[in-house]
Amino acid sequence: MALIDFKCKECGNEFFEIINGENISVACSKCGSTKVERIYKGKYYGKGSSCSGSCSGCSGCH
Ligand SMILES: [Zn+2]
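In the nomenclature of an unreviewed UniProt entry, the protein is known as Putative FmdB family regulatory protein of Fonticella tunisiensis.

Below is the structure:
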């Protein structure tokens, strides 16, 4: 589980969602648009800092 920040491409609203697993279907909390992009603010809630880059369930690595 990770707390991930998103920004809406329609209205510019920034919001966050708690994401479980591969479920990343997110709609804007303000206007409801699904045209959102994931943004990175440099903080992660999870195992990102100690990840080797190949773990599953880590939102801090790719
Ligand atoms: Zn929006």
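Participant: So what exactly am I meant to see when it comes to the overall build of the protein here?
Facilitator: For the protein, the count of helices and strands is 0 helices and 3 strands. Reading the protein from its N end, one meets helices and strands in the order β-β-β. Long-range pairs, those at least 24 residues apart, make up 32% of the contacts in the protein between residues at least 6 apart in sequence. Carbon and sulfur atoms make up 47% of the accessible area of the protein, which amounts to about 4,400 Å² in all.

Participant: Looking at this structure, I do not really get the pairing of strand 2 (residues 14–19). What am I missing?
Facilitator: Put simply, side chains in a regular strand alternate between the two faces of the sheet. Summarising the sheet, strand 1 (residues 2–8) and strand 2 pair through 6 bridges and their orientation is antiparallel. Following the sheet pairing, Lys7 is matched in strand 2 by Glu14. Taking the residues between adjacent antiparallel strands as the criterion, strand 1 and strand 2 are bridged by 5 residues, where Gly12 takes a positive phi near 80°.

Participant: Just to check I follow, could you spell out the environment of Gly32 for this structure?
Facilitator: The topology assignment puts Gly32 in the loop between strand 2 and strand 3 (36–39). Among the residues examined, Gly32 registers a relative accessible area of 43% and is labelled partly exposed. Sequence spacing of Gly32 and Glu10 is 22 residues, and the spatial spacing of their C-alpha atoms is 9.4 Å.

Participant: For this particular structure, what's the right way to read the coordination of the zinc ion?
Facilitator: Taken together, Cys8 (SG), Cys11 (SG), Cys28 (SG) and Cys31 (SG) make up the protein donors of the zinc ion, found 2.3 to 2.4 Å from the metal. Each of the 4 donor atoms bound to the zinc ion contributes to angles spanning 106 to 117°, and the resulting shape is tetrahedral. Motif for the zinc ion, donor spacing along one chain: C-x2-C-x16-C-x2-C. With Cys11 in the loop between strand 1 and strand 2 and Cys28 in the loop between strand 2 and strand 3, this pair connects stretches of sequence that are 17 residues apart.

Definitions and cut-offs
Throughout, a residue's number is its position along its own chain's written sequence, starting from 1. In keeping with the model being predicted, local features are shown solely for residues with a pLDDT of at least 70 and side-chain atom pairs are shown and tallied solely at 80 or more, while totals for entire chains, interfaces and linings include all residues. Think of the side-chain values as coming from all heavy atoms in the structure, minus any hydrogens and water. Under the scheme used here, helices are H or I runs from DSSP no shorter than 4 residues and strands are E runs no shorter than 2 residues, and both carry numbers assigned from the N terminus. By definition, residues are in contact when any of their heavy atoms lie within 4.5 Å. Using a 1.4 Å probe, the Shrake-Rupley method yields the accessible areas, and only the shown protein chains count as cover for residues. Strands were regarded as paired on the criterion that DSSP finds at least two bridges between them. Each residue gets one of three labels from its accessible area relative to the maximum for its type: buried under 20%, exposed over 50%, partly exposed in between, using a 1.4 Å probe on protein chains only. Water is absent from the atoms considered, so a metal site may look incomplete; donors are defined as N, O and S atoms within 2.8 Å of the metal, or 3.2 Å for Na, K and Ca. Only four donors with every angle between 85 and 135 degrees are called tetrahedral; only four or six donors with opposite donors over 155 degrees apart and all others between 65 and 115 are called square planar or octahedral, in that order; all others are irregular.

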